[in-house]
Amino acid sequence: QQSACGALATLSYENQVNTKAVLQHGGTELLLRAMHGHSSSPSVQGLACYVLRILAFLEEGRHHMVQLGAIETILMALRNHIGDVDVQGSGCGVLGRLTACSSEDLAKVASGDGLGVALGALSAHPRDAQVQACASALVGNLVLAGPQSVQEIAQSRAADLVVQASKHESLEAQSCAVNALNNMCLRSEHCIAQAAVSGAYASLAATFQPTDENIQLLTITVLYLLTTTDQGDVGDFVQLQGLSHLIPTMMRFMSSLKVQEQISSILQRIGHRAEMLEEILRQGGLDGIFTAMHRYPLSARIQVSGCYLASRWARASQDGAQRVAEGGGVELVALAMQNHLAEVDVQVFGCMMLKAVADQVAESPQVIAHFGGVEAVLRSLQRHAEEGQLQEVGVRALCSVGQQDWICRKKVVDYGLPNDPSEAMSSKDAPVSFIPDDGLRGKKVELWTLWGKCVEPPEEDCSANDKLQHDSKRNSELLASDAPDQPPLRGVQLLFRALLHPHGKVASALHSATCALLAHIAADGNEADVLEEGGVVVATQSARLHASDPQVQVDTFDLLHNLVCQPVPGPSALVQMATSYGAVELIIEALRNYPEHRGVLYSSAKLLRSLLLGGDLSGESTLSRNVEDAITNLEGFAEGLRVETLLQELRRHSADVPTRSTAQGVVELLMKSLAIFSADTEIQEVILVAYRELAANRRSRHRMTMQGTWKEIMAEVKAHRDHPTLQVFGCDLMELQTRDCEHDNIEDAIVFGGVESLLKVFEHHAQNLSVQKRSCVAAAKLASRSADIKAMFIEGHLIQLIIEIMALHRGSEALQRLACLVLLSLVDHSLECRAEMVASNCLEAACTALKEHPKAVSDLQ
């Protein structure tokens with residue numbers, strides 16, 4: 001019997017004629033009879049199963065052997081001879097063929113514990129290629145037998161054993177194992193997790209290396225399923241050079257929508273880790289994912305993955321952001337956001353990418369504006385009002401884009417107007433080539449419009465694209481029917497609405513970005529739009545709500561500054577509103593909480609000055625003095641009680657800000673900041689400006705004198721002799737210090753070197769007209785304070801210095817007038833002084849000024 005079975009095996013091997021002859025002459029019955037008669041002989045069992053496996057390739061052979069009870073006989077042989085390689089390989093091969101071709105045979109094998117037999121073979125012979133291939137194929141078929149079979153496989157070691165089979169060096173074993181994994185993972189999440197834990201990532205990295213496309217496609221599907229679970233380590237796939245095969249496969253199968261969606265999702269999962277994200281970029285993943293986004297713009301899965309990876313690359317490094325921008329990422333992401341407005345992930349990742357690119361690639365805001373990125377973000381904010389994270393990242397994206405480009409800010413302000421330009425910007429019918437301004441880039445500008453040229457998809461793509469088009473249209477119709485009617489909102493309104501979201505109450509980054517963008521919008525001259533939505537109230541509330549975040553303080557103070565200092569009707573109303581909502585108290589609190597934060601100090605000092613000046617930054621006096629002339633000169637405004645009452649109220653209010661701020665310790669806080677930022681001339685400048693406006697108030701001047709502020713100020717002025725602005729502000733402060741004509745204050749101005757510093761300003765900055773004019777004002781006022789100061793000016797050769805600057809700036813009527821005022825303030829000091837003036841050609845200088853400016857106002861004359 002053994003020899004006969006061996007002869008039939010030899011005759012039927014790769015010979016279809018002999019195989020049919022064996023079947024026609026009753027070979028099936030004889031083989032099964034031999035197996036029954038010699039059940040203890042592994043040789044007979046193995047050779048008989050080998051011939052039956054060949055006969056199973058014929059339909060009549062399969063049908064006949066099943067009728068004769070071959071399934072039961074083979075199962076018995078597999079159980080009895082678990083240690084024999086030939087029996088296990090050939091027996092599993094017969095059952096695998098039968099279960100692949102007939103659902104009835106599949107059910108019969110499953111009910112006969114075919115799973116146990118297959119797993120036993122896999123476990124007993126891990127090195128035999130035939131056993132691993134045939135047993136894996138049998139397991140892959142059994143999973144199709146029904147829910148009960150799926151449950152049995154999920155509860156067994158099937159996934160682990162099949163994963164081990166996929167690591168075999170035999171191509172056939174790999175193919176059968178990957179196919180089995182595919183069937184198992186498609187039907188059981190437990191199998192997915194078990195396969196991932198068992199090292200499937202590592203084995204799949206090796207299956208990409210052969211040239212068999214079928215294995216590669218199956219591997220992609222299994223890998224895609226594995227990445228849906230958190231089990232296992234996807235890093236094994238990357239470390240074993242799996243990406244070097246996966247990404248080229250992506251490019252080779254670009255015409256397959258299924259492959260692109262699966263690989264895009266795989267790359268998204270792998271890209272969660274920074275080191276693997278860099279490897280994807282290095283292996284060419286950016287080109288692959290962007291090409292897929294361009295080829296399948298209506299595939300939500302591809303667009304989500306593409307936007308995610310683009311945002312991760314852009315946020316990882318400046319080089320990554322540059323490569324994303326140059327690769328056409330801005331256009332692709334903006335288009336994805338427009339096509340998939342209902343997909344929250346597309347919107348969130350898209351906003352993140354636009355923000356990162358805008359922050360790190362200098363010319364990108366223009367590109368974002370060109371491709372409709374601003375409108376896309378605003379639509380997203382309006383569509384997803386309840387999505388807190390999207391509201392935050394959307395506003396932050398607008399802030400990053402808007403801070404660098406006024407066109408982007410204009411788009412925000414104009415959004416929602418009746419003639420909304422966004423429709424034209426988002427048109428896909430006729431893409432407009434964008435060319436950055438000359439000098440912006442050293443590389444080819446065509447890179448920005450990489451996707452601007454429409455690429456016709458190959459014929460095999462058409463059906464997939466048509467289906468996507470149909471699904472997208474249907475989804476859009478469903479969304480349109482389900483979505484409530486939303487009234488159109490302006491861009492500024494959307495920014496304020498984002499702050500009111502419950503998420504916004506705890507997201508300091510959202511408040512910081514919103515206020516920063518609104519500050520720029522107000523500075524562009526659109527403060528009315530911001531004020532209309534309650535900009536002052538929102539700014540103070542944000543500063544109070546996020547007192548622990550210094551950046552929020554900076555951005556809210558900048559917003560208040562830009563609102564208060566704008567030349568809108570009734571500046572006093574805005575200042576009064578800001579102070580009534582606690583702006584002064586917020587400034588003091590911020591200075592106390594962040595004494596070494598440069599941004600807080602700078603914005604605080606600017607805002608404090610704006611409040612002190614009543615919103616008018618062009619003037620040098622307090623609110624009442626700024627507004628008084630304007631009111632009394634109004635045509636038709638009768639003088640009398642009405643005017644006096646108003647002016648009295650203005651004077652009262654103008655003194656309120658310095659009084660409140662001084663009482664709360666702003667003088668001491670600014671002194672501390674002077675010491676901390678002693679080398680920072682910009683900070684020194686804003687502090688001296690704030691001090692100058694504070695010093696206009698008598699009570700503040702007294703506090704400054706008591707605290708020894710003048711000494712510190714003059715020390716800083718001396719330390720920065722080459723900084724003209726600091727010199728001027730220091731001289732202004734010295735003039736204000738002596739305004740009360742108190743002996744101690746005048747003595748301080750002399751002792752601390754104020755007069756000496758002013759003389760140095762005349763000498764060192766003679767060419768600077770604005771500095772000279774301010775210095776003349778300070779010198780004239782100081783000279784009127786004290787005979788000692790006049791004497792020091794004369795001894796310091798101020799007369800000669802004044803004559804020199806009059807000659808240098810003969811064309812400036814204002815300087816000629818101020819210089820004459822200085823000379824006039826000195827002329828009554830002594831006969832010697834007047835003699836020196838004559839000797840220094842003072843009379844000639846005065847006559848020259850009158851000749852140069854014959855139509856001058858009476859002040860000069």
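Residues numbered from 1 in each chain as written. Predicted model: local features only at pLDDT ≥ 70, side-chain atom pairs only at ≥ 80, totals over all residues. Heavy atoms only, no water.

### Some remarks on the overall build of the protein
And step 1. Looking only at helices and strands, one finds 53 helices and zero strands in the protein.
And step 2. Buried positions account for 54% of the 861 residues belonging to the protein.
And step 3. Long-range pairs, those at least 24 residues apart, make up 74% of the contacts in the protein between residues at least 6 apart in sequence.
And step 4. Surface exposure of the protein reaches about 37300 Å², of which carbon and sulfur atoms provide 51%. (Helix = DSSP H or I, 4+ residues; strand = E, 2+ residues; numbered from the N terminus. Buried < 20%, exposed > 50% of the residue type's maximum accessible area, 1.4 Å probe, protein only. Contact = heavy atoms within 4.5 Å. Areas by Shrake-Rupley, 256 points an atom, 1.4 Å probe, with all protein chains shown as cover.)

### A look at unusual backbone geometry
And step 1. Unusually for a residue other than glycine, His797 sits at a positive phi of about 65 degrees.
And step 2. Relative to the helices and strands, His797 is located in the loop between α49 (787-795) and α50 (798-808).
And step 3. On the basis of relative accessibility, which here comes to 47%, the residue His797 falls in the partly exposed class.
And step 4. Phi is positive for Asn841, close to 65 degrees, though the residue is something other than glycine.

### Quick notes on the packing of helix α13 (residues 171-187) against helix α16 (residues 213-226)
And step 1. Relative orientation of the contacting elements α13 and α16 amounts to 35 degrees, with a least axis distance of 9 Å. At the point where α13 passes α16, the crossing takes the left-handed sense. On α16, the residues that touch Leu171, Ser175, Val178, Asn179, Leu181, Asn182, Cys185 and Leu186 of α13 are Asn214, Ile215, Leu218, Thr219, Thr221, Val222 and Leu225.
And step 2. Of the residues in the contact of α13 with α16, the class split is nine nonpolar, six polar and no charged. (Axes fitted to C-alpha atoms, helices over the stretch in contact; angles between N-to-C directions. Left-handed = near helix turned anticlockwise from the far one by under 90°. Nonpolar A, V, L, I, M, F, W, Y, C, P; charged D, E, K, R; others polar.)

### Here we look at the state of the cysteines
And step 1. Applying the stated criterion across every chain yields a total of zero disulfides.
And step 2. The closest cysteine sulfur to the non-disulfide-bonded Cys134 is located on Cys176, 6.8 Å from its own sulfur.
And step 3. The class of Cys134 is buried, set by a relative accessible area of 7%.
And step 4. Cys351 forms no disulfide, and the closest cysteine sulfur to it belongs to Cys307, at a distance of 9.6 Å. (Disulfide = S-S within 2.5 Å.)

### Remarks on the packing of helix α25 (residues 344-360) against helix α27 (residues 373-383)
And step 1. Between α25 and α27, the shortest axis-to-axis distance is 11 Å and the interhelical angle comes to 140 degrees. With respect to α27, the axis of α25 lies oblique. Crossing hand, α25 versus α27: left-handed. Two secondary-structure elements touch here, α25 through Gln347, Cys351 and Leu354 and α27 through Gly373, Ala376, Val377 and Ser380.
And step 2. Tallied by class, residues from the contact of α25 with α27 come to four nonpolar, three polar and no charged. (Parallel < 35°, antiparallel > 145°, perpendicular 65-115°, else oblique.)

### Here we look at the packing of aromatic side chains
And step 1. Tallied over the entire structure, the rule returns one aromatic pair.
And step 2. On the basis of an interplanar angle of 75 degrees and a centroid distance of 5.0 Å, the ring pair of Tyr308 and Phe349 is categorised as edge-to-face. Taken as a pair, Tyr308 in helix α22 (residues 300-316) and Phe349 in helix α25 lie far apart in primary sequence, 41 residues in all. When sorted by exposure, Tyr308 lands in the same class as Phe349, which is buried. (Phe/Tyr/Trp six-rings, centres within 6.5 Å; stacked < 30°, edge-to-face > 60°.)

### Describing the side chain of Gln268
And step 1. With respect to the helices and strands, Gln268 occurs in helix α19 (residues 257-270).
And step 2. Every residue in contact with Gln268, bar those within four places of it in the chain, is listed here: Val304, Ser305, Tyr308, Leu309 and Phe349.

### Structural notes on the pattern of salt bridges
And step 1. Under the counting rule described, the total for this entry stands at 14 salt bridges.
And step 2. Between Asp233 and Arg273 there is a salt bridge whose closest N-O contact spans 2.7 Å. You can see Asp233 sitting in the loop between α16 and α17 (235-239) and its partner Arg273 sitting in the loop between α19 and α20 (274-282), a full 40 residues away along the chain.
And step 3. By relative accessible area, which is 30% here, Asp233 ends up partly exposed.
And step 4. Classification of Arg273 by relative accessible area gives partly exposed; the value is 32%.
And step 5. Put simply, Arg282 and Glu279 hold a salt bridge, and the shortest N to O gap is 2.7 Å. Here Arg282 and its partner Glu279 are both found in helix α20, three residues apart, which amounts to about one turn of the helix.
And step 6. By relative accessible area, Arg282 is classed as exposed at 56%.
And step 7. The exposure class of Glu279 is buried, given its relative accessible area of 16%.
And step 8. Taken together, the shared-partner salt bridges connect Asp233, Arg273 and Glu275 into one network. (Salt bridge = Lys/Arg side-chain N within 4 Å of Asp/Glu carboxyl O.)

### Considerations on helix α9 (residues 114-124)
And step 1. Of the residues making up α9, those classed as buried are Gly114, Leu115, Val117, Ala118, Leu119, Ala121 and Leu122.
And step 2. Buried residues belonging to α9 abut α6 (70-80), α7 (85-101), α8 (103-111), α10 (129-142), α11 (147-155) and α12 (158-166).

### Comments concerning the environment of His81
And step 1. Looking at where His81 falls in the secondary structure, it is placed in the loop between α6 and α7.
And step 2. For His81, a relative accessible area of 10% translates into the label buried.
And step 3. Counting along the chain gives 36 residues from His81 to Gln45, while the straight-line C-alpha distance between them is 8.6 Å.
And step 4. Setting aside residues up to four positions removed in sequence, His81 forms contacts with Ser39, Ser40, Ser41, Pro42, Gln45, Val87 and Gln88.

### Thoughts on the environment of Asp529
And step 1. Note on placement: Asp529 falls in helix α33 (residues 508-532).
And step 2. Accessibility expressed as a relative area gives 19% for Asp529, which makes it buried.
And step 3. With 11 residues separating them in the primary sequence, Asp529 and Leu518 have C-alpha atoms 9.5 Å apart.
And step 4. The contacts of Asp529, once residues within four sequence positions are left out, are Val413, Arg490 and Val492.

### Here we look at the confidence of the model for the protein
And step 1. Per-residue pLDDT for the protein averages 80, and the proportion of residues at 70 or more is 76%.
And step 2. Under a pLDDT of 50 for its full length, residues 567-571 has, in the predicted model, three contacts with residues more than four places off or in other chains.
And step 3. The model gives residues 616-655 a pLDDT under 50, and that stretch makes 48 contacts with residues more than four places away or in other chains. (pLDDT = per-residue confidence, 0-100.)

### Concerning the environment of Ala376
And step 1. Looking at the secondary structure, you find Ala376 in helix α27.
And step 2. Taking C-alpha positions, Ala376 is 8.3 Å from Leu335, a pair spaced 41 residues apart along the chain.
And step 3. Non-local contacts of Ala376, meaning those with residues more than four positions away in its chain, are made with Ala334, Met337, Gln338 and Gln347.

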